[in-house]
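# Structural description and commentary
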Amino acid sequence: MVFKPSENAGAAAGGSAGPSPEGVGPATPVAVKILVAGGFGVGKTTLVGSVSEIRPLQTEELLTDRGVGVDDTEGVEQKTTTTVAMDFGRITIRDGLVLYLFGTPGQDRFWFMWDELSFGALGAVVLADTRRLSDCFPAVDYFENRGLPFVIAVNRFDDGYDYMPDEIREALDLSEGTPVVMCDVRERTSGKDVLTALVKYLLTVHEGATRADAPAL
């Protein structure tokens, strides 16, 4: 499965996926690759699983004593498994637009896989846990450095701090246009709202880039 931004970006931003000749059938849906990133135990696997319209691919393994002193489990002591490669799911946002979701592993020791997973991605969701907000800094830095548009999705835990979006934006030093969405990744509707916010943001970014590239009159 290959995703090429140069081929998909225009259609994903509201353009056509290509004409459908009479009698041939509908145009091929546009496939958009989206990353789901964030710190350890923030809910990436849960988000992909809750919104996916297919049975999600998960690569979770049990945490063992070998991770003691290596994986930081403070605040998520009840977590017993971890993603060791990626999560994968699919959701149709609207007719002709399908998002393929790739959840990244959260621990530092698996970050070497991010470059491979991010190849061909058009955008990302960075999940944040207000109990461990600093855990999403590496993902924010990673996508900012690569110019990949992203939204911050604050996963609301029962024992988490109830911050306002503007407070999250200031704490993470985000640019003004970066969306911050509050969510509960266990709920499909809430997860879909996050992805819809990302698609709308990608539209805005694409339209801004198109205007910037337009020749002056």
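Let me sum up the structure you'll find in this document. Just so you know, these numbers come straight off a predicted model, no measurement behind them.

### Side note on the side chain of threonine 178
Tracing the backbone through its elements, the reader meets threonine 178 in the loop between helix H5 (165-172) and strand S8 (180-183). Given the relative accessible area of 4%, threonine 178 is considered buried. At 2.8 Å, the side chain of threonine 178 and the side chain of serine 175 are in polar contact. Setting aside chain neighbours within four positions, we find threonine 178 in contact with Phe150, Arg169 and Tyr201.

### Overview of the pattern of salt bridges
Scanning the entire structure with this criterion turns up six salt bridges. Residue aspartate 115 is joined to arginine 146 by a salt bridge in which the shortest nitrogen-to-oxygen separation is 3.5 Å. Separated by 31 residues along the polypeptide, aspartate 115 in helix H3 (residues 114-118) and arginine 146 in the loop between helix H4 (137-145) and strand S7 (150-155) bring together distant segments of the chain. With a closest N to O distance of 2.8 Å, arginine 186 and aspartate 184 form a salt bridge.

### Quick word on the sheet that holds strand S6 (residues 123-128)
As summarised here, the arrangement of the six strands in space is S4-S5-S1-S6-S7-S8, forming an open sheet in which the pairing is mixed. Each of the sheet's edge strands pairs with one partner strand only, and the pair in question is strand S4 (87-94) and S8. Here the average twist between neighbouring strands, direction ignored, is 25°. Note: S7 against S8, four bridges, orientation parallel. Paired with asparagine 155 across the two strands is cysteine 183, which belongs to S8.

Definitions and cut-offs
- Residues numbered from 1 in each chain as written.
- Predicted model: local features only at pLDDT ≥ 70, side-chain atom pairs only at ≥ 80, totals over all residues.
- Heavy atoms only, no water.
- Helix = DSSP H or I, 4+ residues; strand = E, 2+ residues; numbered from the N terminus.
- Buried < 20%, exposed > 50% of the residue type's maximum accessible area, 1.4 Å probe, protein only.
- Polar contact = N/O pair within 3.5 Å; in protein donor to acceptor, adjacent residues only side chain to side chain.
- Contact = heavy atoms within 4.5 Å.
- Salt bridge = Lys/Arg side-chain N within 4 Å of Asp/Glu carboxyl O.
- Pairing = 2+ DSSP bridges.
- Axes fitted to C-alpha atoms, helices over the stretch in contact; angles between N-to-C directions.

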